[in-house]
Amino acid sequence: MKKINLLIIGVICFYAATLLITGVFVGGQSGEKSREYLVEVNRMISGMEEQGGFFMPDLRTAEQIEDVSFLEFTEGEELTKPEAEEFFRKRNGCETHMEPLMAGDRVLGLVRFDYRSRMNTGTQHWIAEGMLVLSCAFTLAVLFYLKHKLVRPFLTLRDMPYELSKGRLGTEIEENKDRFFGKFVWGIAMLRDNLKSSQLKALKLEKEKKLLLLSISHDIKTPLNSIKLYAKALQEGLYSTKEEQMNSAKQIEKLSGEIEEFVRDIVKTSSEEIVPIEVENSEFYLKDFVKMVREYYEPKCRLVLTELVIGDFDNKLLKGSLDGAFEVVENIMENAFKYGDGRQIEITFYEEEACQLIKIRNTGNPVKAEEMPHLFDSFYRGSNVGNKEGNGLGLYICRELMRKMEGEIFAERQEEGMSFHLVFQL
């Protein structure tokens, strides 16, 4: 805020100095050009006196004189009042200048010059000052508007991301309906609410996880203790007959099956809803989807020197969610940037069994054939990831999103890369 205030003060000082300099420079010259018409008057009077009488000068060469008239003085005759009034009457909004016409020592009459004076520098000075004042007022209005509409709202929000990053989710955000920051404030508020909701869900899941582990550990103890007893009895030879030994082995197998069932339940529970995935299904046009992908990824591909090829398609109405479909493509494209060789990414379209399929192919080393069945499993990462960071959830999320949109996704190994096929219902 201090910088914007200093900028406002600087603008005021600049315009004040400009006004002062303009006043000194232009004001000092005020009136220098206001009597230029006298040059033309003197030239015309001199010509008439040389000719010895009045004649109508050629006004086409005059810049300020618009009309010339003559009132003749005749000896022995008096000037009538109407004649004088007509001569001295102001005409056409012009300024008037009178000069006597002399012939030696005798006055022949009075010559009237009607002229339009040029705007003198005094008027120019005030106009220049006025324009500077208006310019200063406009600049200050813009700066105060930016201060009120952009800088001040931003300063109230600048600490919010830091507060959220520290987990301080109780900070209230003042509502702002301003068109510049209204949506941003709404987004920050939504982010805070989602983080708070995720935090509550995480706490709930952690609590359920601990209860589950406590319950399972208690349930496992019983068959585990029985297995230990049977194993100890077999080890110490407490069973004298082979039938008793076989019966003990069967009990161990049965109890081991119970423990295996508990383990299976743990694995199943841990793999369900790893991340909350919500989709608002409706319908969207393929053209809008392609436009979104093109606008987002063409600049990014140019930046990393990867050729992006988008094939021809017919605009169709697809079932699902536009945002959900883009999230699927986003995960696949990010994998292509991360694990591909960066030469080319190709997106093509084809139709099969009343479904619209979108194929995304990238060049690079494909995953091994034996790894393909696990490609969409949670937390699974192929052997081709190297030392690149990741959590193995991207393709899992893609599959869950596609299934919630009543679609499907599958992958294929290519000779020089991987391809992913998205299946949407028409």
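Everything here concerns the structure above.
Residues numbered from 1 in each chain as written. Predicted model: local features only at pLDDT ≥ 70, side-chain atom pairs only at ≥ 80, totals over all residues. Heavy atoms only, no water.

Attention now goes to empty space enclosed by the protein. Under the defined criterion, the tally for this structure stands at one cavity of 30 Å³ or more. Roughly 50 Å³ of internal volume is contained in the largest cavity. Around the largest cavity sit Phe289, Val290, Val293, Ile310, Val329, Ile347, Phe349 and Ile358, which together line it. The set of elements that each furnish at least two residues to the lining of the largest cavity consists of α8 (286–303) and β7 (344–352). When residues in the lining of the largest cavity are grouped by element, the largest group, three residues, is from α8. Grouping the constituent residues of the lining of the largest cavity by class yields eight nonpolar, no polar and no charged. (1 Å grid on protein atoms, 1.4 Å probe; cavity = no way out; pocket = protein on both sides within 12 Å on 5 of 7 lines; lining within 4 Å. Points joined across faces, edges and corners; volume = space filled by probe spheres on them. Helix = DSSP H or I, 4+ residues; strand = E, 2+ residues; numbered from the N terminus. Nonpolar A, V, L, I, M, F, W, Y, C, P; charged D, E, K, R; others polar.)

Now for the sheet that holds strand β5 (residues 307–310). Within the open sheet, the five strands sit side by side as β5-β7-β8-β10-β9. Their pairing is mixed. In the strand order of this sheet, the two ends are held by β5 and β9 (408–414), each with one partner. Strand after strand, the sheet turns through a mean of 20° between neighbouring axes, direction not considered. Here β5 runs beside β7; their pairing, made up of four bridges, is parallel. If you follow glutamate 307 over to β7, its bridge partner there is glutamine 344. Strand contacts of helix α9 (residues 322–339): β5, β7, β8 (355–363), β9 and β10 (417–425), with the helix running at about 175° to β10, the strand carrying the most contacts. (Pairing = 2+ DSSP bridges. Axes fitted to C-alpha atoms, helices over the stretch in contact; angles between N-to-C directions. Contact = heavy atoms within 4.5 Å.)

The next point concerns the packing of α9 against helix α10 (residues 394–404). At a closest axis distance of 9 Å, the pairing of α9 and α10 adopts a crossing angle of 155°. Compared by their axis directions, α9 and α10 come out roughly antiparallel. In the crossing of α9 with α10, the sense of the turn from one axis to the other is left-handed. Residues Gly324, Glu327, Val328, Asn331, Ile332 and Asn335 of α9 lie in contact with α10, whose contacting residues are Gly394, Leu395, Ile397, Cys398, Leu401 and Met402. Class assignment of the residues belonging to the contact of α9 with α10 gives a composition of seven nonpolar, four polar and one charged. (Parallel < 35°, antiparallel > 145°, perpendicular 65-115°, else oblique. Left-handed = near helix turned anticlockwise from the far one by under 90°.)

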